[in-house]
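# Structural description and commentary
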Amino acid sequence: MANQENIAASLARTPLYQLGVELKARFTSFGGWEMPVQYSSITSEHEAVRNAAGMFDISHMGKFTLEGKKVIDQLQGLVPSDLSRLQAGQAQYTVLLNAQGGIIDDIIVYYQSEEKVAIVVNAATTAKDKTWLLQNLNLDEIQFQDLSPEKVLIALQGPQAEKYLQPFVDQDLQPIKAFGHLQANILGQPAFVARTGYTGEDGFEIMVDPEVGIELWRNLYNAGVVPCGLGARDTLRLEAAMALYGQDIDDTTTPLEAGLGWLVHIDTKGDFIGRSVLEQQKANGVQRRLIGLQMQGRNIARHGYQVLSAGQVVGEVTSGTISPTLGYPVALAYIPSKLAKVGQQLEVEIRGKAYPTVVVKRPFYRSKTKK
């Protein structure tokens with residue numbers, strides 16, 4: 001027990017931590033943070049997001065701003081996506097790449113003006129991403145600011161998210177399209193509001209000062225929004241086949257292997273770190289692919305389980321769960337490209353026994369109400 005307390009004491013806590021304690025959330029260690037894994041049950045929180053609205057404390061994520069006249073030009077060399085396409089108020093999901101084309105992290109770049117962008121990165125990679133950016137940006141031209149410790153980030157997700165958020169915002173949310181964002185006032189204080197999320201549903205991610213975040217969380221809770229933890233966040237993102245950094249993608253996987261080829265705009269932009277590797281993969285094809293699997297039964301294929309073909313190990317599961325929405329187990333796995341066709345019959349080894357599975361289209365679930 002004392003050892004558990006020592007571990008908890010070494011973990012960082014967000015400004016909303018005490019709200020989780022008040023709501024009797026169960027906590028877990030995640031990326032160096034003590035975070036709520038669930039408040040009620042993972043299934044009920046999951047269903048709240050799919051059917052109405054749920055909210056997540058994601059203040060542990062890294063939050064940077066970059067300001068300077070050539071900010072986009074400099075970022076162009078670090079990502080495979082063509083950021084010159086962006087207009088003010090638009091955002092791009094993309095990846096930072098190393099020289100081998102491996103994914104350092106998946107990020108969202110929010111274009112605020114010609115001279116300012118915001119970047120949100122994963123919690124566990126915040127320090128690594130910051131170091132990489134500082135090493136590869138010309139700091140004589142770019143002012144880099146790390147807002148991670150001083151801002152709260154709340155994800156309000158679900159088909160009724162707009163209805164719940166609108167009363168507290170001084171601007172009309174309806175015109176904001178997916179991956180759109182704006183500066184507004186929430187509860188009379190400055191806020192950054194983006195129509196982004198990690199659940200496969202419509203929703204918003206809201207960045208505010210801690211005291212505003214605490215007040216907004218309480219107001220949303222009193223209005224009927226369901227608090228959600230990392231457990232539901234994981235089942236929601238997996239149904240939507242969204243990659244989890246450190247499991248489905250990492251610095252040894254390229255975006256082409258991970259099914260993120262739509263982020264790679266080789267034909268419309270100049271040089272960037274890792275370009276030569278991706279050019280070669282585009283020309284020759286990739287040897288392996290991240291694919292979706294549907295188990296043919298109730299057995300769950302979990303992270304690290306081996307994928308078999310004709311009794312031989314051919315790949316490994318990166319993420320897997322039983323889908324609360326669909327009612328059957330789904331998984332993501334890397335397998336050879338020659339076996340990656342939809343309909344391919346395979347097996348997953350679970351506790352020494354092989355169970356049938358089939359390659360299916362991703363995402364497993366697609367929202368009918370997402371903008």
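Reading guide: rules and limits
- Residues numbered from 1 in each chain as written.
- Predicted model: local features only at pLDDT ≥ 70, side-chain atom pairs only at ≥ 80, totals over all residues.
- Heavy atoms only, no water.
- Salt bridge = Lys/Arg side-chain N within 4 Å of Asp/Glu carboxyl O.
- Helix = DSSP H or I, 4+ residues; strand = E, 2+ residues; numbered from the N terminus.
- Buried < 20%, exposed > 50% of the residue type's maximum accessible area, 1.4 Å probe, protein only.
- Pairing = 2+ DSSP bridges.
- UniProt positions renumbered as here; feature names shortened; annotations may be inferred.
- Arc of directions from axis to C-beta.
- Contact = heavy atoms within 4.5 Å.

Turning our attention to the pattern of salt bridges. Enumeration over the complete set of coordinates arrives at 12 salt bridges. The salt bridge involving D209 is made with K151; its shortest N-O contact spans 2.7 Å. You can see D209 sitting in the loop between strand 12 (203-208) and helix 7 (210-223) and its partner K151 sitting in the loop between strand 8 (143-146) and strand 9 (152-157), a full 58 residues away along the chain. A single network of salt bridges, built from pairs that share partners, joins R50, E201 and E239.

Taken across its 6 residues, strand 4 (residues 62-67) has 5 buried, putting it largely inside the fold. Here 6 bridges tie strand 4 to strand 7 (residues 116-121), and the two strands are oriented antiparallel to one another. In the strand pairing of strand 7, G62 is matched with V121. One ladder, built from 4 bridges, connects strand 4 with strand 8; its direction is antiparallel. Looking at the pairing, L66 lines up with F144 of strand 8.

Another point: the UniProt feature "domain: Aminomethyltransferase C-terminal" (unreviewed entry) in the chain. The UniProt record annotates "domain: Aminomethyltransferase C-terminal" (unreviewed entry) at residues 288-365. Spanning residues 288-365, this segment combines 0% helix with 58% strand, and its end C-alpha atoms are found 23 Å apart.

A word on the environment of P175. Within the fold, P175 resides in the loop between helix 6 (161-165) and strand 10 (181-186). Among the residues examined, P175 registers a relative accessible area of 52% and is labelled exposed. Note: C-alpha distance between P175 and L156 (19 residues apart in sequence) is 17 Å.

Restricting attention to buried positions, one finds in helix 5 (residues 126-136) the residues T126, D129, W132 and L133. All buried residues of helix 5 project into a common sector of 130° when viewed along the axis, lining one side. When the buried face of helix 5 is taken as reference, the exposed residues oriented beyond 90 degrees from it are A127 and Q135. Residues of helix 5 that are buried make contact with strand 4, helix 4 (71-76), strand 5 (90-97), strand 6 (103-113), strand 7 and strand 8.

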